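# Structure assessment
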Amino acid sequence: MGKFMSSMEVIWTDLVHHRQDFDSFHLREAFAADPSRFERFSTEMDGCLTLDYSRNRVDEKTMLLLEKLIEAAGVRTRFAEMKGGATINNTEGRAVLHVALRGSVSANLEVNGQKIMDDINAVKKRLYAFATGVRDGSIAAKDGQPFTDVVNIGIGGSDLGPHMVTRALSAFHDGPRVHFVSNVDGAHMGDTLKTLEPARTLFLVASKTFTTQETMTNARAAKAWLTAALGDDAVADHFAALSTNKEGVEGFGINTDRMFEFWDWVGGRYSVWSAIGLPVMIAIGADGFEEFLAGARSMDSHFASAPFRENIPMLMAALGLWYRNVWDCASMAVLPYDQRLEYFADFLQQLDMESNGKSVHNDGSSLARASGPVIWGASGTNGQHAFYQELHQGTDIIPCEFLVAAKPTDADDYQHELLLANCFAQVEALAKGRTAEEAKAQLEASGKSAEEVAALVPHKVFEGNRPSSLIFYDELTPKMLGRLIALYEQKVFVQGVVWGVNPYDQWGVELGKELANKLAPAVKTGDRGEGDPAILDRLKAYRAK
Ligand code: F6P
């Protein structure tokens with residue numbers, strides 16, 4: 001680790017010094033001086049997906065240094081180790097093989113003496129048969145009639161991935177309606193059940209551990225609702241489980257022929273490619289899911305083989321490192337111009353922040369520099385009318401990633417033109433801004449007095465030079481979505497390697513879980529026990545009203 005860090009430190013120091021080269025840099029001037037800036041700072045894969053990073057505070061030297069940094073960290077070797085089944089997740093003693101779920105490893109790869117592609121393919125066959133049966137009605141409800149509604153009960157990785165993907169691919173839905181319940185707040189399950197009929201509803205209990213408090217509580221609530229209407233024997237037909245915990249599933253009362261397993265080498269936030277993807281399979285069918293996997297597989301092979309300046313995940317990771325560690329940007333925004341990607345930022349929050357929100361290295365020593373930034377965002381154009389003001393004129397620099405498709409998927413062409421125009425306008429406005437002279441000229445042209453012009457100009461100036469990248473693709477198909485998710489997974493991987501953290505554990509969520517379980521009895525009674533006595537006293541007082 002010492003040697004590894006010291007060779008990296010030299011490059012970090014060079015990068016920090018290099019930042020001074022940008023003291024008088026402005027994207028507006030950079031574009032004026034170099035009409036080929038787009039050609040130099042963009043790349044395309046598979047003829048359908050472009051990363052345009054020309055509107056970033058970078059020059060050739062920046063890219064050279066970032067390339068050296070990524071090389072020195074040994075990213076490619078680490079990826080080869082991951083694909084070879086090495087125990088990358090060292091704190092939990094596990095391999096990290098979500099890439100195997102989309103066929104990006106050797107067909108003979110063994111983990112713990114087991115050929116994992118055989119296991120993956122066997123479970124996938126069962127999953128596709130089940131999804132097809134639910135879709136065509138051959139797997140039916142207790143009364144022999146088809147299901148019209150499927151409710152996925154899960155949280156975190158057992159919810160965010162399949163929920164985001166199911167929503168994103170709604171143009172391809174031709175199966176039953178799919179709903180998602182995650183929050184332990186009974187209102188989530190209650191509001192969902194209000195719209196459903198027990199006789200027509202199938203529940204999928206999605207939990208890697210099958211012990212998560214929120215999921216098990218919601219699953220019990222669903223079971224009570226179902227059995228109250230249809231009797232105890234309805235559970236066999238109306239429930240299925242997606243899990244690694246056979247005993248837990250049986251203990252809940254779900255027969256293991258309705259259990260679809262995955263393995264401890266699939267992290268929750270990387271599990272949408274596994275049995276956790278069943279709601280997606282039910283919504284779009286097995287062929288659509290195969291396309292989704294194929295998209296991810298093509299991103300994996302691009303990531304493994306493309307040189308740095310053509311490698312989209314590496315470039316995006318490198319830019320993130322540059323802003324986080326050299327420019328001290330504490331957050332970054334992800335802005336898909338696609339209403340169906342409305343949950344994309346939520347999904348990325350877990351993927352990125354649960355993976356790289358760490359403060360120690362793999363070996364337990366403290367990090368020398370900041371790790372994962374805050375990831376946030378919302379779909380455009382809605383965000384424009386909410387928080388973009390701060391992106392353009394706030395005091396913080398917030399790097400942005402914009403995503404947009406050239407063609408709409410079963411939506412109105414004219415509206416899609418407006419969507420694209422808005423997206424392109426934002427990246428342009430952030431980069432080039434509006435100078436005081438331009439603001440003045442505009443105000444004068446609108447007939448303002450000299451005094452009014454002087455008073456308003458400072459408010460109308462856009463500093464510009466605000467960094468953004470554009471991820472531009474032909475259409476949001478299952479295959480493209482597979483590419484996009486794998487792109488972000490690999491970006492997170494690269495950054496994790498450079499920071500020297502373990503992106504595949506999540507000990508930071510444990511403490512809150514343990515305390516919540518301890519506090520539950522005190523909250524029930526309102527009596528002082530575990531927890532802050534002052535707030536428990538106030539709870540008791542409010543309840544007594
Ligand atoms: O939030 C912590 C976490 O462990 C996530 O990593 C995981 O995706 C989520 O809880 C749900 O866990 P499970 O699938 O075991 O219910």
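Residues numbered from 1 in each chain as written. Predicted model: local features only at pLDDT ≥ 70, side-chain atom pairs only at ≥ 80, totals over all residues. Heavy atoms only, no water.

Taken as a whole and assessed by the stated rule, the structure comprises 23 aromatic pairs. When the ring of Phe 289 is compared with that of Phe 292, the centres are 5.4 Å apart and the planes differ by 55 degrees; the resulting orientation is tilted. Highlighted residues: Phe 289 and Phe 292, both in helix α12 (residues 278-305), separated by three residues, approximately one helical turn. Owing to a relative accessible area of 0%, Phe 292 belongs among the buried residues under this scheme. Residues Trp 322 and Trp 327 carry aromatic rings whose centres are separated by 5.9 Å and whose planes lie at 80 degrees to one another, so their mutual orientation is edge-to-face. Pair check on accessibility: Trp 322 and Trp 327 agree, each one buried. Put simply, the rings of Phe 203, Phe 210, Trp 225, Phe 239 and Phe 252 touch in pairs and so form one group of aromatic residues. For the cation-ring pair, Arg 37 lies above Phe 31, with the distance from its terminal atom to the ring centre recorded as 5.7 Å. (Phe/Tyr/Trp six-rings, centres within 6.5 Å; stacked < 30°, edge-to-face > 60°. Helix = DSSP H or I, 4+ residues; strand = E, 2+ residues; numbered from the N terminus. Buried < 20%, exposed > 50% of the residue type's maximum accessible area, 1.4 Å probe, protein only. Lys NZ or Arg CZ within 6 Å of the ring centre and 35° of its normal.)

The biggest cluster of nonpolar side chains holds 126 residues, and the ones touching the most others in it are Val 75, Trp 265, Leu 278, Tyr 473, Leu 481, Tyr 488 and Val 498. Filtering out sequence-adjacent residues up to four positions away, Leu 278 remains in contact with Leu 127, Phe 130, Ala 131, Leu 204, Leu 242 and Phe 260. Val 151, Val 205, Leu 226 and Met 259 belong to the second-largest nonpolar core, a separate cluster that totals 21 residues. (Core = buried A, V, L, I, M, F, W, Y, C linked by side-chain atoms within 4.5 Å. Contact = heavy atoms within 4.5 Å.)

On to the environment of Pro 162. Along the chain, Pro 162 falls in helix α7 (residues 160-168). The exposure class assigned to Pro 162 is buried, which follows from its relative accessible area of 0%. For the pair Pro 162 and Glu 92, spaced 70 residues apart in sequence, the C-alpha to C-alpha distance is 25 Å. Residues in contact with Pro 162, not counting those within four places in the same chain, are Gly 157, Phe 180, Val 272, Ile 276, Pro 279 and Val 280.

The next point concerns the domain arrangement of the chain. Splitting the chain by domain gives domain 1 (27-57 + 306-432 + 467-499), domain 2 (98-285) and domain 3 (508-544). Taking only C-alpha atoms into account, the centre of domain 1 sits 31 Å from that of domain 2. On the side of domain 2, 20 residues touch domain 1, which itself brings 25 residues to the contact. For the interface between domain 1 and domain 2, the tally reads three salt bridges. In this structure, Glu 489 engages Arg 102 in a salt bridge whose closest nitrogen and oxygen atoms are separated by 2.7 Å. For the interface between domain 1 and domain 2, the tally reads nine residue pairs in polar contact (both at pLDDT 80 or more). Of all the secondary-structure elements, those providing two or more residues to the side of domain 1 that touches domain 2 are α14 (344-356) and α19 (478-499). Taken together, the residues of the side of domain 1 that touches domain 2 break down into 11 nonpolar, seven polar and seven charged. (Domains from an automatic or database assignment. Salt bridge = Lys/Arg side-chain N within 4 Å of Asp/Glu carboxyl O. Polar contact = N/O pair within 3.5 Å; in protein donor to acceptor, adjacent residues only side chain to side chain. Nonpolar A, V, L, I, M, F, W, Y, C, P; charged D, E, K, R; others polar.)

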